[in-house]
Amino acid sequence: MTDAGAPPFSFGGDHLLLQGVTDYAIYMLDASGNILSWNTGGQRIKGYTGDEVIGRHFSTFYPQEDVERGEPERALDTAAREGRYETEGWRVRKDGSRFRAHIVVDAIYQGGELVGFAKITRDITERYQAAEHRRQAEQALAQAQKVAAIGQLTLGVAHDFNNLLAVIATSLDQLSRAEGRRKEVLIDAARQAADRGVRLTRQMLAFARGQRLEPKLHDANALIDGSIEIYRRAAGPITQCTVELVQADTRIMVDAEQLEAALVNLVANARDAMERPGNIHIATRVARADPDLHPGAAADRDYLYVSVADDGPGMEEHVRLRAMEPFFTTKDVGRGSGLGLSQVFGFASQSGGFAFIDSTPGEGTRVTMAIPLAEVADA
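Residues numbered from 1 in each chain as written. Predicted model: local features only at pLDDT ≥ 70, side-chain atom pairs only at ≥ 80, totals over all residues. Heavy atoms only, no water.

Topic: the overall build of the protein chain
Convention followed: Strands here are runs of E lasting at least two residues and helices are runs of H or I lasting at least four, both read from the DSSP assignment and numbered beginning at the N terminus. Each residue is assigned to one of three classes by its accessible area relative to the maximum for its type, calculated with a 1.4 Å probe on protein chains only: buried under 20%, partly exposed between the two thresholds, exposed over 50%. Computed with a 1.4 Å probe, the accessible areas rest on the Shrake-Rupley method; for each residue, only the protein chains presented here act as cover.
Along the protein chain, the regular secondary structure elements total 12 helices and 11 strands. Taken across its 379 residues, the protein chain has 39% of its residues classed as buried. A total of about 20,700 Å² of accessible surface is found on the protein chain, and carbon and sulfur atoms cover 51% of it.

So, in structure tokens, the structure goes:
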């Protein structure tokens with residue numbers, strides 16, 4: 001270099017040390033971004049000798065698209081303003097190939113005046129490619145799991161609808177020849193199958209586009225009391241369905257149709273879980289939520305707890321923990337799509353509350369929706 005191109009500061013004895021570093025490109029820039037020094041690591045990583053790059057602007061190592069976006073200037077401006085600039089991106093070697101780089105630019109001041117920059121570049125291509133391969137593998141696995149889940153859902157729904165249509169078709173076929181009590185049984189069987197088809201369609205629509213709730217102020221006890229016959233019909237002829245409603249103000253902001261659908265889902269799930277005739281109990285109570293048990297719940301807010309309990313076989317802990325996942329079901333193919341409990345959970349969450357399951361093997365299961373009482377209840 002000529003005297004005119006000499007830096008306004010000396011490198012000192014550390015310059016010799018930097019020449020021994022081969023894993024990092026460590027070099028100096030002047031205040032305009034021109035290269036003042038070069039080390040062995042810079043030559044190994046980028047392919048240039050010192051004679052080829054000293055005096056050139058450091059944007060030489062940037063891809064053309066980054067140069068056009070002004071990335072080199074932004075790096076220096078940030079370092080000058082904040083004292084340091086750090087990023088990760090693509091850089092270009094002498095032979096035109098690209099490598100992934102981790103870059104640090106530190107501003108250097110003397111007497112309060114910006115005199116240049118110290119720039120450190122590390123080639124992290126192998127690490128980046130390994131992470132990218134891992135990400136692609138994870139995406140491929142997630143896609144495979146999604147396809148498998150959709151296949152499971154499709155199989156279950158197809159069997160569900162096939163069974164429902166078989167019940168309806170058989171009932172209609174025999175109806176013309178039936179009389180008295182037999183005719184009533186056939187009509188009731190067809191009606192129950194149709195009701196289950198409606199619930200299944202609602203679940204599929206809710207899963208496909210998300211439930212569009214239309215919450216209004218309702219007395220939950222009145223809604224439940226007015227639909228008792230629907231719940232008893234969903235419970236089936238050999239299962240007793242009872243209701244216990246708290247004596248309190250139970251006004252909540254809720255979509256009444258979706259609340260009924262959620263309760264019908266829970267009653268139908270409880271019925272399907274029964275291995276013998278049993279009992280299903282619908283109950284309401286008012287209480288404060290425990291944020292330690294239910295993260296996100298308001299500690300200073302009263303909630304209406306609406307639960308559906310059965311005295312069936314109960315759940316093992318690993319099943320209970322997964323029971324509200326979409327597609328998860330322990331039922332045989334054709335007996336459930338795996339969407340019922342996940343939709344109950346989604347409905348409670350969209351209504352500002354939460355849902356949870358209590359279950360013990362051999363002692364039954366209780367599913368509870370907790371929805372905040374309307375503020376007017378406190379007035």
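Further notes follow.
Examining the sheet that holds strand 3 (residues 98-110)
Under the convention used in this document: At least two DSSP bridges between two strands are needed for those strands to be called paired. Each axis is a line fitted through C-alpha atoms, and for a helix only the stretch in contact is used; angles between axes span 0 to 180 degrees, taken between their N-to-C directions.
Pairing within the open sheet is antiparallel, and its four strands lie in the order 1-4-3-2. Two strands lie at the open edges of the sheet, namely strand 1 (24-30) and strand 2 (84-92), each paired on one side alone. Looking at each pair of strands side by side, their axes are set apart by 25 degrees on average, direction ignored. Sheet analysis places strand 3 next to strand 4 (residues 113-123), joined by 10 bridges and oriented antiparallel. Note on strand 4: the bridge partner recorded for His 102 is Arg 122.

Quick word on the pattern of salt bridges
Two side chains bearing opposite charge may form a pair once their charged atoms approach each other closely. Where we set the bar: Here a salt bridge means any side-chain nitrogen of Lys or Arg lying within 4 Å of a carboxyl oxygen belonging to Asp or Glu.
Under the defined criterion, the tally for this structure stands at 17 salt bridges. Of the charged contacts in the structure, one is a salt bridge between Arg 100 and Glu 88, with a shortest N-O distance of 3.3 Å. Of the two residues, Arg 100 sits in strand 3 while Glu 88 sits in strand 2, which places them 12 residues apart along the sequence. Put simply, Arg 271 and Asp 272 hold a salt bridge, and the shortest N to O gap is 3.1 Å. Pair check on accessibility: Arg 271 and Asp 272 agree, each one buried. Counted as one network, the salt bridges with shared partners bring together Arg 84, Glu 86 and Asp 106.

Some details on the sheet that holds strand 11 (residues 364-372)
Defined as follows: Pairs of residues are marked as contacts when any of their non-hydrogen atoms sit within 4.5 Å.
Strand order in the open sheet made by the five strands is 6-8-9-11-10, with mixed pairing throughout. Each end of this open sheet is capped by a strand with a single partner; those strands are strand 6 (240-244) and strand 10 (354-360). Mean inter-strand twist for the sheet, computed between neighbouring axes without regard to direction, equals 20 degrees. Running over the sheet, helix 9 (residues 228-235) touches strand 6 and strand 8 (279-288) and is turned about 145 degrees from strand 6.

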